[in-house]
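Geometric and topological summary
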Amino acid sequence: MNRHENEAMKKKKTDIMSTTETGIEAITGYADFLRDVKTRIQTARIKAVLAVNRELILLYWSIGRDILARRREQGWGTKIIDQLAADLRREFPDMTGLSARNLVYMQTFAGAWPEEQFAQQPVAQLPWGHNCTLLDKITDADERLWYAYAAVENGWSRNVLVIQIESGLYKRQGQATTNFERALPKPESDLARQLLKDPYNFEFLTLQQDAEERAIEKGLVDHIQKFLLELGAGFAFVGRQYHLEIGDQDFYIDLLFYHLKLRCYVVIDLKSGAFIPEYTGKMNFYLAAVDDLLRHPEDAPSIGMILCKQKGQKIVAEYALRNMSTPIGISEYKLNEALPEALKDSLPTVAQLEAELAGEATAVETNE
């Protein structure tokens, strides 16, 4: 091989290596193929995990069902559980979940879902620990099923599931006073209504009961992860004291979010006192501005949430919303109501919080 042929061969190898290492995407169809393979692998892995989990849940259910049947038909006592657990652990030493305590959970689980059709329910998709939590904390079948659906849909961890149950989410979801039925088309109106709660639980904030809007607002942003959890799935934080320049005036939205499922902006206005009808006029102004200045053509109409310390009489809120064409919801929020005296003494005062906020954003107007 002469020098020219050798150099040509080297160049060809270099071109191939360059294409492989840095320009492989340029090969026709490769990028799409790679993306498709990745998706298929990820989907298969998820299905495998779900399949294994489902089979385990079905196994536990069948064991629990048979224990219940034998206790009912043959009069087995509670001591049989301890004996069964010992025998099973001896036979399957590497398998977890065969303790006497877990066998009792299996009985309870089978009693809560007496028909094998439960396999079509979301509980069959939840990890066993989630199901044990549902059994421990909820006695009502409909409420238990609601939390199971929510846990599957939102991908809640066990700890998050506990938080949502203890905060009474089931009774708060969809309870805000709104005009969504008139202001939004179906099914968006139903979905939006279900996303709003009443009351909202801000008890994770270490603030006194008379805290003002700015202090509450700052606390929510400082605890944004807990705040987003309380708001619910789909909320993406856009900004605090979001600036809007309208005409020759400056305006500031307390909290601005974008909801990924509704595909719309969500404007939140915080009030430290009771609701008054004038608040809906201010929110209507904000929604009109956001729709005009921020909303993209493919976005749905923006939604307003007025969060007040007290919502007051429901009829007042309903009248305030009746002739509004923009979608607005009104809810209460709760702060921590039982702080130890020693902790209260160590908390900053409203004046101290305001001074800190003033140094942080001197140009921000005080909310009325």
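This text gives an overview of the structure that appears in the document. What you are looking at is a predicted structure, and each value in this text was computed from that prediction instead of being measured.

Turning our eyes to something else, we now look at helix H14 (residues 314-322). Buried residues of H14: Ala-317, Ala-320 and Leu-321, and no others. Looking straight down H14, one finds that the buried residues subtend no more than 90° of arc, so they occupy a single side.

This part takes up unusual backbone geometry. Glycine aside, negative phi is the norm for most residues, and most peptide bonds take the trans geometry. Even without being a glycine, Gln-241 presents a positive backbone phi close to 50°. By secondary structure assignment, the location of Gln-241 is in strand S3 (residues 235-246). In this structure Gln-241 comes out as buried when scored by relative accessible area, which is 9%.

Further remarks concern the packing of aromatic side chains. Counted under the stated rule, the structure contains eleven aromatic pairs. When the ring of Phe-109 is compared with that of Trp-128, the centres are 5.3 Å apart and the planes differ by 80°; the resulting orientation is edge-to-face. With Phe-109 in helix H4 (residues 100-112) and Trp-128 in helix H5 (residues 128-137), the pair connects residues that are 19 residues apart, well separated along the chain. When sorted by exposure, Phe-109 lands in the same class as Trp-128, which is buried. Through a chain of ring-to-ring contacts, the aromatic side chains of Tyr-60, Phe-109 and Trp-128 assemble into a single cluster.

Now for the pattern of salt bridges. Per the counting criterion, the structure on display carries four salt bridges. Of the charged contacts in the structure, one is a salt bridge between Asp-87 and Arg-90, with a shortest N-O distance of 2.3 Å. Residue Asp-87 and its partner Arg-90 are located together in helix H3 (residues 79-91), separated by three residues, close to a single helical turn. A salt bridge links Glu-166 to Lys-137; its shortest N-O distance comes to 3.2 Å.

Strand S7 (residues 328-334) sits mainly inside the fold: five of its seven residues count as buried. In this structure, strand S6 (residues 303-310) lies alongside S7, joined through five bridges in parallel fashion. From the neighbouring strand, Ile-306 faces S7, where its bridge partner is Ile-330. Running through H14, the crossover from S6 to the neighbouring parallel element S7 is right-handed.

Here we take up the packing of H3 against H4. The N-to-C vectors of H3 and H4 enclose an angle of 115°; their axes lie 8 Å apart at closest approach. Two packed elements cross with a definite hand, and for H3 against H4 that hand is right-handed. Between H3 and H4, the residues in contact are Ile-81, Asp-82, Leu-84, Ala-85, Leu-88 and Arg-89 and Ala-100, Leu-103, Val-104 and Gln-107, respectively. For the contact of H3 with H4, a count of residues per class yields seven nonpolar, one polar and two charged.

Definitions and cut-offs
Residues numbered from 1 in each chain as written. Predicted model: local features only at pLDDT ≥ 70, side-chain atom pairs only at ≥ 80, totals over all residues. Heavy atoms only, no water. Buried < 20%, exposed > 50% of the residue type's maximum accessible area, 1.4 Å probe, protein only. Helix = DSSP H or I, 4+ residues; strand = E, 2+ residues; numbered from the N terminus. Arc of directions from axis to C-beta. Phe/Tyr/Trp six-rings, centres within 6.5 Å; stacked < 30°, edge-to-face > 60°. Salt bridge = Lys/Arg side-chain N within 4 Å of Asp/Glu carboxyl O. Pairing = 2+ DSSP bridges. Right-handed = clockwise from strand over helix to strand, strands pointing away. Axes fitted to C-alpha atoms, helices over the stretch in contact; angles between N-to-C directions. Left-handed = near helix turned anticlockwise from the far one by under 90°. Contact = heavy atoms within 4.5 Å. Nonpolar A, V, L, I, M, F, W, Y, C, P; charged D, E, K, R; others polar.

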